[in-house]
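Here is what each chain is made of, one letter per residue.
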Amino acid sequence: MDDDFIIRTRGFSKSYQADTPVLSDLDIDIRPRERIALIGANGTGKSTLLKCLIGLLPGSGGNVTALGETFSGSPTKTQLRRIRLQIGFVFQHHGLVRQLSVLSNVTHGMLGYPGSWRAAVQMLAPSEWRIRAMQALSEVNLEAKAMDRADTLSGGQRQRVAIARALIRRPRLMIADEPAASLDPAAGRDVMTLFSKLASDHGITLLFTSHDMEHAIGYSDRIIALKRGKLHFDLPAPQVSEAMLTEVFDG
Amino acid sequence: MVERALPRRTANLSAGGFTIVVAVAAVIIVSAGDVAPSVQRLADGFPRLANLVERMMPPNTDPAFLTRISWRILETFQIALVGTAIGLIISLPVAWLAARGVTPLGTFGYVFKALVSLFRTVPDLVWALLFVAAVGLGAVAGTLTIIVDTIGFCGRFFAEAMEDADKQSQEALAAQGANRFSVLCSAVIPDAMPSMINTGLFALEMAVRSSVVLGLVGAGGIGQELKVAFDLFQYQNASAIILAIFVIVLVMEFVTDRLRAMIQ
């Protein structure tokens with residue numbers, strides 16, 4: 001059961017105010033090891049959907065099964081904790097703590113686990129976590145920068161540290177909201193390539209949103225397109241043409 | 001000649017505004033008549049002041065006296081250092097509870113904001129009087145005063161530094177399930193640290209300055225000697241003590257400036 005899908009929604013809908021649904025009637029299946037691009041024009045509810053799928057925002061109708069936990073509306077606290085422990089998050093803004101070392105920022109990935117206050121700075125972290133952090137850093141090729149301060153890195157390097165911070169959790173699902181949107185094109189491609197590689201190396205399911213056609217087609221197995229809060233299409237990446245993407249991005 | 005419409009020389013002042021200006025000026029002039037030194041007073045006072053300075057010279061350099069005030073100076077520093085250290089430690093949790101958007105208490109955080117304001121707005125000499133009454137004469141009352149002073153100052157500025165800390169890292173960590181305390185230790189405090197160190201050094205400077213005068217109300221330190229010297233008309237002792245205080249404050253400012261430069 002659990003291995004059939006990472007996320008499944010049936011008739012899912014979400015509205016912030018009654019009668020004005022942001023998302024309506026979504027049936028989405030995400031299976032293990034898939035790389036999914038979620039696309040749509042600004043304001044179509046991509047970020048809202050990402051948050052709803054993992055229980056960070058309550059849904060308004062239908063139900064969601066995420067990483068083995070089924071809920072309609074909000075998940076219970078226990079469910080939410082179980083879900084979060086299996087997810088790595090990467091956002092458009094890296095969200096690193098600028099004053100701290102790269103290594104400390106990576107150990108922050110352990111926050112949320114029991115006894116995790118020790119992950120606040122690498123100095124206090126248990127050896128096992130420091131080892132895991134160094135392993136994660138070597139996966140993103142930044143081992144040499146471990147003791148540099150986060151604010152001395154370039155934009156692309158910072159995003160790679162953010163990826164290492166997600167990776168240290170050994171997640172089953174990696175969620176990335178516009179991970180390349182604030183990077184220059186070359187750094188953006190590097191980051192997307194790294195995501196793809198890590199996902200296949202570690203068998204991680206990847207769910208990312210993007211505004212970039214090249215990224216959506218080039219780094220995903222399947223593209224889910226939203227239009228005005230409804231499912232517009234859900235197709236394997238090779239079957240999606242540029243014309244179809246342009247239509248989606250233009251709303 | 002072409003007539004040009006020139007802008008007015010004066011800004012528009014409404015009737016109400018004009019009334020307020022006149023009223024404020026009147027209050028200042030009347031008050032000055034009550035409390036400002038008159039020319040006559042100054043003329044009378046100046047020779048007396050000159051006479052006082054003359055009696056202060058030369059400052060007392062008797063070794064026994066110098067040894068005694070050295071111990072008092074040491075005590076002054078001890079009051080300032082220990083008071084600031086304890087005050088800083090207490091300020092951290094207080095600031096956390098008071099900082100808007102960071103506090104785990106929500107709206108109740110204002111209780112701590114108000115407490116910090118109370119500590120800050122009551123002058124240090126008043127706190128010293130209270131503590132002397134409570135724990136008796138001596139350095140302990142002085143240290144307690146400096147602790148309260150430091151919480152009043154650092155509690156406010158630590159809270160502001162925490163409120164200004166980068167939100168994006170806090171949100172990123174909260175999304176993955178970090179609780180408020182973890183977010184505080186891993187993101188808020190590291191981000192606020194440079195500003196908090198700066199505040200802490202200012203607090204130390206202020207503590208030295210106020211520990212010097214706390215003795216005037218009997219709360220230990222060099223000020224106590226100054227009060228005794230004036231009370232017993234030992235003006236040469238007083239001048240030596242005033243010079244010593246001047247040196248203490250100078251040294252303190254020099255040291256904290258260097259520390260600040262080192263950290264940045």
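Residues numbered from 1 in each chain as written. Chains lettered and ligands numbered in written order. Predicted model: local features only at pLDDT ≥ 70, side-chain atom pairs only at ≥ 80, totals over all residues.

Draft legend 1. Structural detail: the overall build of chain B. Along chain B, the regular secondary structure elements total 10 helices and zero strands. Listed N to C, the secondary structure of chain B is α-α-α-α-α-α-α-α-α-α in terms of helices and strands. For chain B, the spread of C-alpha atoms along the principal axes amounts to about 80 × 70 × 40 Å. Counting only residues that meet the buried cut, chain B has 35% of its 264 residues in that class. When contacts within chain B are restricted to residue pairs at least 6 apart in sequence, those whose partners lie at least 24 apart make up 72%. (Helix = DSSP H or I, 4+ residues; strand = E, 2+ residues; numbered from the N terminus. Buried ≥ 20, exposed ≤ 12 C-beta atoms within 10 Å, placed from the backbone. Contact = placed C-beta atoms within 7 Å.)

Draft legend 2. Examining the overall build of chain A more closely. Scanning chain A from terminus to terminus reveals eight helices and 10 strands. Over its C-alpha trace chain A gives a radius of gyration of 18 Å, about what one expects of a compact globule, namely 18 Å for 251 residues. Reported as C-alpha extents along the three principal axes, the dimensions of chain A are approximately 50 × 40 × 35 Å. The 251 residues of chain A split such that 47% are buried. For chain A, long-range pairs separated by at least 24 residues make up 64% of all intrachain contacts whose partners lie at least 6 apart in sequence. (Rg over C-alpha atoms; globule rule 2.2 N^0.38 Å.)

Draft legend 3. Expanded view of the environment of B:Lys167. Summarising the element assignment, B:Lys167 is placed in helix α7 (residues 167-175). In this structure the C-alpha to C-alpha distance between B:Lys167 and B:Asp191, which are 24 residues apart in sequence, comes to 9.9 Å.

Draft legend 4. Broad picture of the environment of A:Ser101. Residues and elements named next belong to chain A. Note that Ser101 resides in the loop between β6 (87-90) and α3 (102-107). According to the C-beta neighbour criterion, Ser101 is buried, with 20 such atoms within 10 Å. For the pair Ser101 and Phe89, spaced 12 residues apart in sequence, the C-alpha separation works out to 19 Å. Among residues more than four places away in sequence, those in contact with Ser101 are Gln122, Ala146, Met147, Asp148 and Arg149.

Draft legend 5. Fine view of the confidence of the model for chain A. Across chain A, the average pLDDT comes to 89, with 98% of residues at 70 or higher. Considering each helix and strand of chain A separately, the mean pLDDT is smallest for helix α8 (residues 242-249) of chain A, with a value of 85, and largest for strand β8 (residues 205-209) of chain A, with 94. (pLDDT = per-residue confidence, 0-100.)

Draft legend 6. Quick look at the interface of chain B and chain A. With 18 residues of chain B in contact, the opposing surface of chain A contributes 19 residues. Residue assignment for the side of chain B that touches chain A shows that the elements contributing at least two residues are α7 and α8 (180-214) of chain B. It is α8(B) that provides the largest number of residues to the side of chain B that touches chain A, a total of eight residues. Counted by class, the side of chain B that touches chain A contains nine nonpolar, six polar and three charged residues. (Nonpolar A, V, L, I, M, F, W, Y, C, P; charged D, E, K, R; others polar.)

Draft legend 7. Quick peek at the pairing of strand β7 (residues 173-177) of chain A. Residue and element names in this part refer to chain A. Taking burial as the measure, the five residues of β7 include five buried ones, the bulk of the element. By the alternation rule, side chains of β7 split into Leu173, Ile175 and Asp177 and Met174 and Ala176, which are all buried. With four bridges joining them, β6 and β7 adopt parallel strand pairing. The residue bridging Val90 from the neighbouring strand is Ala176, located in β7. (Pairing = 2+ DSSP bridges.)

Draft legend 8. Just the nonpolar core, in detail. One finds A:Ala164, A:Phe195 and B:Met162 to be the most contacted residues of the largest nonpolar core, which totals 133 residues. With 14 residues, helix α6 (residues 139-164) of chain B is the largest single contributor of residues to this core. Sequence-distant contacts of B:Met162, that is, excluding residues within four places in its chain, are made with B:Ala95, B:Trp96, B:Ala99, B:Val102, B:Val188 and B:Ala192. (Core = buried A, V, L, I, M, F, W, Y, C linked by C-beta atoms within 7 Å.)

Draft legend 9. Region of interest: the pairing of strand β2 (residues 20-30) of chain A. All names here are of chain A. Pairing of strand β1 (residues 7-17) with β2 involves seven bridges; the strand directions are antiparallel. The residue bridging Ser15 from the neighbouring strand is Pro21, located in β2. The loop that links β1 with its antiparallel partner β2 comprises two residues; one of these, Asp19, has a positive phi angle of about 75 degrees.

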